[in-house]
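Secondary and tertiary structure notes
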Amino acid sequence: MALLLAIESSCDETAVAIVRGAAGRATEVLASEISSQIALHREHGGVVPELASRHHSLRLRGLVEKALAAAGTALSDIDAFAATTGPGLASSLLIGSTAAKGMACAANRPFLGINHLEGHLLSPFLERTAVPPHVALIVSGGHTLLLDVEGPGRYRKLGGTRDDAAGEAFDKVGKMLGLAYPGGPEIERVARGGNPQAYNFPRSMLQDAHLDFSFSGLKTAVLYTLQRAEGRVVVSDLAASFQQAVIDILIGKTLRAAQQAGRNRIALSGGVSLNQALRGALQAACAKAGHECVTAAPDFCADNAAMIAFAGLLRHLAGERSSLGEDIHPNLPLV
Ligand code: KG4
Ligand code: ZN
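Report follows, based on the coordinates. Since the structure is predicted, the reported quantities are computational estimates derived from the model, not experimental observations.

Rules of the game
Residues numbered from 1 in each chain as written. Chains lettered and ligands numbered in written order. Predicted model: local features only at pLDDT ≥ 70, side-chain atom pairs only at ≥ 80, totals over all residues. Heavy atoms only, no water. Pairing = 2+ DSSP bridges. Helix = DSSP H or I, 4+ residues; strand = E, 2+ residues; numbered from the N terminus. Axes fitted to C-alpha atoms, helices over the stretch in contact; angles between N-to-C directions. Donors = N, O, S within 2.8 Å, 3.2 Å for Na, K, Ca; no water. Tetrahedral: all angles 85-135°; square planar, octahedral: opposite > 155°, others 65-115°. Expected span 1.5 Å × (residues − 1). Buried < 20%, exposed > 50% of the residue type's maximum accessible area, 1.4 Å probe, protein only. Core = buried A, V, L, I, M, F, W, Y, C linked by side-chain atoms within 4.5 Å. Arc of directions from axis to C-beta. Contact = heavy atoms within 4.5 Å. Polar contact = N/O pair within 3.5 Å; in protein donor to acceptor, adjacent residues only side chain to side chain.

**Re the sheet that holds strand β10 (residues 292-295)**
The mixed open sheet is built from five strands, whose spatial order is β8-β7-β6-β9-β10. Each edge of the sheet is formed by a strand with only one pairing partner; in this case those strands are β8 (154-160) and β10. The sheet shows a mean angle of 25 degrees between the axes of neighbouring strands, direction not considered. Pairing geometry for strand β6 (residues 134-139) and strand β9 (residues 265-269), over four bridges, is parallel. Note on β9: the bridge partner recorded for Ala136 is Ala267.

**Quick notes on the coordination of the zinc ion (ligand 2)**
Surrounding the zinc ion (ligand 2) are the protein donor atoms His116 (NE2), His120 (NE2) and Asp303 (OD), at 2.0 to 2.1 Å. What the four donor atoms of the zinc ion (ligand 2) show is an angle range of 96 to 135 degrees at the metal, which sorts the shape as irregular.

**Structural notes on the sheet that holds strand β4 (residues 80-86)**
Within a beta sheet, neighbouring strands are joined by backbone hydrogen bonds and run either parallel or antiparallel to one another. Judged by pairing direction, the sheet is mixed, and its five strands sit side by side in the order β3-β2-β1-β4-β5 without closing on themselves. The open sheet terminates on both sides in strands that have one partner only, identified here as β3 (28-36) and β5 (111-115). Each strand of the sheet is rotated relative to its neighbour by a mean of 20 degrees, with strand direction disregarded. Of the pairings in the sheet, the one linking strand β2 (residues 13-21) to β3 comprises eight bridges and is antiparallel in character. When the sheet's bridge partners are listed, Ala17 is paired in β3 with Ser32.

**Thoughts on helix α8 (residues 235-261)**
When the terminal C-alpha atoms of α8 are compared, their 39 Å separation across 27 residues agrees well with the 39 Å that a helix rising 1.5 Å per residue should span. Buried residues dominate α8, accounting for 19 of its 27 residues. Looking one or two residues past α8, Gly262 carries a phi angle of roughly 70 degrees, positive in sign.

**Overview of the nonpolar core**
If you look at the biggest cluster of nonpolar residues, it comprises 44 residues, and the most contacted ones within it are Phe215 and Phe242. Mapped onto this core, the elements with two or more residues apiece are β6, α5 (166-176), α6 (183-191), α7 (216-228), α8, β9 and α9 (276-289). At 13 residues, the largest contribution of residues to this core is made by α8. Ala80, Leu121, Tyr155 and Ala309 belong to the second-largest nonpolar core, a separate cluster that totals 34 residues.

**Remarks on α5**
Listed as buried for α5 are Ala166, Gly167, Ala169, Phe170, Val173 and Gly174. Buried residues along α5 cover an arc of 160 degrees about the axis, so they all sit on one side. Buried residues in α5 make contact with β6, β7 (144-151), α6, α7 and α8. Positive backbone phi, approximately 75 degrees, marks Gly178, located one or two places after α5.

**Quick word on the side chain of Ser9**
When you line up the elements, Ser9 lands in the loop between β1 (2-8) and β2. Classification of Ser9 as buried rests on a relative accessible area of 1%. Only 2.7 Å separates the side chain of Ser9 from the backbone oxygen of Ser92, close enough to count as a polar contact. In this structure the side chain of Ser9 is engaged in a polar contact, spanning 3.1 Å, whose partner is the backbone nitrogen of Gly96. Beyond its immediate stretch of four places on either side in the chain, Ser9 contacts His56, Ser92, Leu93, Ile95 and Gly96.

**Observations regarding the pairing of β7**
β7 sits mainly inside the fold: seven of its eight residues count as buried. With six bridges connecting them, β6 and β7 associate as antiparallel partners. In the strand pairing of β7, His134 is matched with Val149. Linking β6 to β7, which pair antiparallel, is a turn of four residues. Bridge analysis of β7 against β8 gives six bridges, and the strand direction is antiparallel. Residue pairing across strands places Gly151 opposite Arg154, the latter belonging to β8. What sits between the antiparallel neighbours β7 and β8 is a turn of two residues, in which Gly153 has the positive phi angle 80 degrees.

Encoded structure:
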């Protein structure tokens, strides 16, 4: 059995997790601590990088101690240390990766630099024994990605967004509607009482054979609707119609991807996968098509360190390690 401690600090959540696992065994999450910065950035309407990195550096030590206490272990029991090294905000990535390298150095244990997107990608399988072949849809604030997954570390990109990420579209439309940051959960809340058919927003590229996404036309359509109505809209109907358009695009492309890749298992991850309407619609579509649907547990959808620890554990068990000289990579691609 190996114990791994991981740090996630790529954007505006400071997180530390400890997992325990071995090849062929279900990974146990012994601790998953998060210090959210949402309240800090809300008054600015978005993430302020310098505030984010300062918060990371102030909170990290306390979170590591809290995680060790929750897991009932000491630093000297940890077999390997991991941290997100990209993609993300440079100044934020540096705090977590430098802290993890420091601990690895002090404890004379290996360090593993982890791709944030690999963390999201693997999160639906976090407490399972294996990562079986599947098509993965990652929907977060910065990324919208479709991948064919053969197994851990074996990924092929099928499609991605050509402009805004799905979460970014939620956040921008939330702003247009005067909702608090981040817009995603606010739109979902407001949309609950609305009619998703009230506005017929465009489903860009849905009929095209390729597997890329575009959300900027949808975002502009919402803006024009708001401008034409001079603000006299039923916000719940507009939010529900926008959310339905995003769901239709995501599900349509994901089913097409499964068909093209010849997979009958679909996994959903990333912050936007917290959206209950999206989860429900994907589960229904998979049931209809005869696909297995695997979603990340709600605790592991938005940014967290457990998913980074799981990705790190799989790499550690495979005998990998990163150099302490490895830099952070703000634009690190997954494939
Ligand atoms: O994965 P994540 O926490 O961070 C990134 O790696 O980007 O995703 C954050 C994104 C934000 O855009 C946020 O608005 C969106 O996830 N989000 C949601 C919901 N909860 C979070 N979008 C739609 N519905 C939600 N319930
Ligand atoms: Zn993320």
